[in-house]
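These are the residues of each chain, in order.
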Amino acid sequence: MLSIFVAAIVAGLPTAELSGDVRLANGRPAKDAIVWFEAPGAKSTPMKRQKIDQRDMRFSPHVLAVTVDTWVDFPNNDTVFHNVFSEYHSQRFDFGMYPKGQTKSQKFDRAGVAVLLCTIHPQMSAYVVCVDTPYFAKADARGRFHIANVPTGEYRVKVWHESGEELSQSIAVNGVDPIRLQIHRRR
Ligand SMILES: [Cu+2]
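Rules of the game
- Residues numbered from 1 in each chain as written.
- Predicted model: local features only at pLDDT ≥ 70, side-chain atom pairs only at ≥ 80, totals over all residues.
- Heavy atoms only, no water.
- Donors = N, O, S within 2.8 Å, 3.2 Å for Na, K, Ca; no water.
- Buried < 20%, exposed > 50% of the residue type's maximum accessible area, 1.4 Å probe, protein only.
- Helix = DSSP H or I, 4+ residues; strand = E, 2+ residues; numbered from the N terminus.
- Polar contact = N/O pair within 3.5 Å; in protein donor to acceptor, adjacent residues only side chain to side chain.
- Contact = heavy atoms within 4.5 Å.
- Pairing = 2+ DSSP bridges.
- Axes fitted to C-alpha atoms, helices over the stretch in contact; angles between N-to-C directions.

Here the copper ion is held by His82 (ND1), Cys118 (SG) and His121 (ND1), and the distances to it run 1.9 to 2.2 Å. Mapped onto the sequence, the residues coordinating the copper ion show the spacing H-x35-C-x2-H. For the pair shown, Cys118 and His121 are each scored as buried.

Looking now at the side chain of Lys158. Structurally, the position occupied by Lys158 is in strand β16 (residues 153-160). For Lys158, the side chain forms a polar contact with the side chain of Glu38, separated by 3.2 Å. When neighbours within four sequence positions are excluded, Lys158 is seen to be in contact with Ile34, Val35, Trp36, Glu38, Leu167 and Ser168.

With that out of the way, let us pick up the side chain of Thr67. As for its position among the elements, Thr67 is in strand β7 (residues 63-67). Judged by relative accessible area, which is 2%, Thr67 ranks as buried. Engagement of the side chain of Thr67 in a polar contact is seen with the backbone oxygen of Thr45, the distance being 2.7 Å. A polar side-chain atom of Thr67 sits 3.4 Å from the main-chain amide nitrogen of Met47. Not counting the four nearest positions on each side in its chain, Thr67 is found in contact with Ser44, Thr45, Pro46, Met47, Phe108, Cys130, Val131, Thr133 and Phe136.

Ordered in space as β14-β3-β16-β17, the four strands form an open sheet in which the pairing is antiparallel. Each edge of the open sheet is held by one strand with a lone partner, namely β14 (136-138) and β17 (166-173). Strand-to-strand, the axes of this sheet are offset by a mean angle of 15°, without reference to chain direction. Alignment of strand β3 (residues 34-38) against β14, held across three bridges, turns out to be antiparallel. Bridge assignment links Val35 to a residue of β14, and that residue is Ala137.

These figures capture arrangement, not role.
In C-alpha cells, the structure reads:
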C-alpha cells in the first residue's frame, strides 16, 4: 500500500500548484516515486533528449520519468563494457555490448514502465517511467513532489515506486481542497 497526500498550495484558478508526499506501506518516504495526473485532454509532448549515465557500475539517475516519444541517451562512461537491455511492460530493447565513450539511444514511444538491466552486471538496474501527460514529477529522498500549473478538473492520479507498489485513483483537482489518498496496491 502506498499513500499519498496532495495539497493544492496555490489556489490560482484555473490552474493549481500541487505538492505533497508519497509514503510506502511501512511509512517510509517513497524515494524516487513517480506521480502523474492523467486526463483525456492532457496529452504530453516529447521532452528534449534525456540521459541515463553508466558510471561507477551504476545507472544514473536510477529512476527517470519521461513523456511519450522522448529519446533517452545511454552513454557508457565506465572503463568496462556494458550491455543495457530492457525487460517488462512497455519497451523491449537490447543494445548489445558497448564500450566506454559510446552512447546508445532509445525512443520511449509507449506509456509504461521499462526496467533496464545490464547482462554483465546484475547489480545494475534503472527504471524509465514513460507517461502520457505533462503533469508528472519524481519524488525526492523525502518522498516529496511538486507539480506546477495543473489545470483544475478531473484526473486519475497514478503513483509508481520500484518496490512494486502502485496507486491509481480518480481525483478532482479544484485548486483549493487538499486531497488525501490511501490506496491498496493494484494487483
Ligand atoms: Cu554493466
